[in-house]
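What follows is the residue order along each chain.
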Amino acid sequence: MSANLNALKQYQSVDLRATIETASPHKLISMLLDGALASLAKAKGAIERESVEERTAHLNKAAEVIVGLKGSLDLEKGGEVAASLDNLYDYMIRTIYGANRNSDAEKVQEVMSLVLEIKQGWSEIPPDIQDN
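Along each chain, numbering runs from 1 in the same order as the chain's sequence is written. In keeping with the predicted nature of the model, local features appear solely for residues at pLDDT of at least 70, side-chain atom pairs appear and are counted solely at 80 or more, and the whole-chain, interface and lining totals rest on all residues. As a rule here, side-chain values come from all non-hydrogen atoms in the structure, and water together with hydrogens is ignored.

(A) Representation of the pattern of salt bridges. Salt bridges are counted wherever a side-chain nitrogen of Lys or Arg sits within 4 Å of a carboxyl oxygen of Asp or Glu. Following the criterion strictly, the structure yields five salt bridges and no others. The residue Lys119 makes a salt bridge to Asp34 at a minimum N-O spacing of 2.8 Å. Taken together, the residues span a long stretch of sequence, with Lys119 in helix H5 (residues 105-123) and Asp34 in helix H2 (residues 25-48) at a distance of 85 residues. For the exposure calls, accessible area comes from a 1.4 Å probe over protein chains only, and a residue counts as buried if that area is under 20% of its type's maximum, exposed if over 50%, partly exposed in between. Judged by relative accessible area, which is 36%, Asp34 ranks as partly exposed. Segments assigned H or I by DSSP are reported as helices when at least four residues long, segments assigned E as strands when at least two residues long, and all are numbered from the N terminus.

Quick look at the structure:
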């Protein structure tokens, strides 16, 4: 069974790499937002199970993704929206670290709600301007 599991993980890894290599910049940001949400949800579960190691790993992963999102901002072209997102991402990163320090599921949920709001706005960008 473990050989099948390893094969499945390798297949998923190749499939993810292929998706990333062919994805548009808009799709990549969507994937990052999904990744942040998944890590935050796993962290919340780990907090409920009182699994410190899992909580830390998932919250660190979520913070890394948000740092990546922050790094993708074009503050010159993005103007006020990019500046606001930059500040929001800073807040989210600080909140994640606080949630990890205090094992605070409510703070994790707060960040999840913020990411969901960004994801909703991102998905509503019209296709003709998504990658301009």
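(B) View of the packing of H2 against helix H3 (residues 52-71). Lines are fitted to the C-alpha atoms to define the axes, a helix being fitted only along its stretch in contact, and any angle between axes, read from their N-to-C directions, falls within 0 to 180 degrees. The interhelical angle for the contact between H2 and H3, taken along N-to-C directions, is 160°, at an axis separation of 8 Å. It follows that H2 is roughly antiparallel to H3 by the angle criterion. Viewed along their axes, H2 and H3 form a crossing whose handedness is left-handed. Where H2 approaches H3, its residues Ile29, Leu32, Leu33, Ala36, Ser39, Leu40, Lys42, Ala43, Ala46 and Ile47 are matched on the opposing element by Glu54, Arg55, His58, Leu59, Lys61, Ala62, Val65, Ile66 and Leu69. Gly is put with the polar residues, along with every residue not named as nonpolar or charged; the nonpolar set is Ala, Val, Leu, Ile, Met, Phe, Trp, Tyr, Cys and Pro, and the charged set is Asp, Glu, Lys and Arg. Considered class by class, the residues forming the contact of H2 with H3 number 13 nonpolar, two polar and four charged. To sort the angles, those under 35 degrees are grouped as roughly parallel, those over 145 as roughly antiparallel, those from 65 to 115 as roughly perpendicular, and the leftovers as oblique. By the definition used in this description, the sense in which the near helix is turned from the far one sets the handedness, with an anticlockwise turn below a right angle giving left-handed and a clockwise turn giving right-handed. Any pair of residues with heavy atoms lying within 4.5 Å of one another is described as a contacting pair.

(C) Here's a closer look at helix H4 (residues 75-102). Given a helix with a known number of residues, its expected span is that number minus one, times 1.5 Å. In this model H4 runs just 32 Å from its N-terminal to its C-terminal C-alpha over 28 residues, more than 12% under the 40 Å that 1.5 Å per residue would give. Along H4, the sharpest change in direction is near 80° and occurs at Val81. Among the residues making up H4, those that are buried are Ala82, Asp86, Tyr89, Met92, Ile93, Thr95, Ile96, Gly98, Ala99 and Asn100. Of the residues flanking the start of H4, the one acting as N-cap is Asp74, its side-chain oxygen 3.2 Å from the backbone nitrogen of Glu76. Backbone geometry just downstream of H4 places Ser103 in the positive-phi region, at approximately 50°. The angle between axes fitted to the seven residues ending at a residue and the seven residues starting there is what we call the bend at that residue. Polar contact criterion, stated in full: a pair of N or O atoms within 3.5 Å, where within protein one must be able to donate a hydrogen and the other to accept it, and residues adjacent in sequence count only if both atoms are side-chain atoms.

(D) Quick peek at H2. In this model H2 runs 35 Å from its N-terminal to its C-terminal C-alpha over 24 residues, within 8% of the 34 Å that 1.5 Å per residue would give. Phi turns positive one or two residues past the end of H2, at Glu50, with a value near 60°.

So far we have only geometry, and geometry alone does not tell us how the molecule works.
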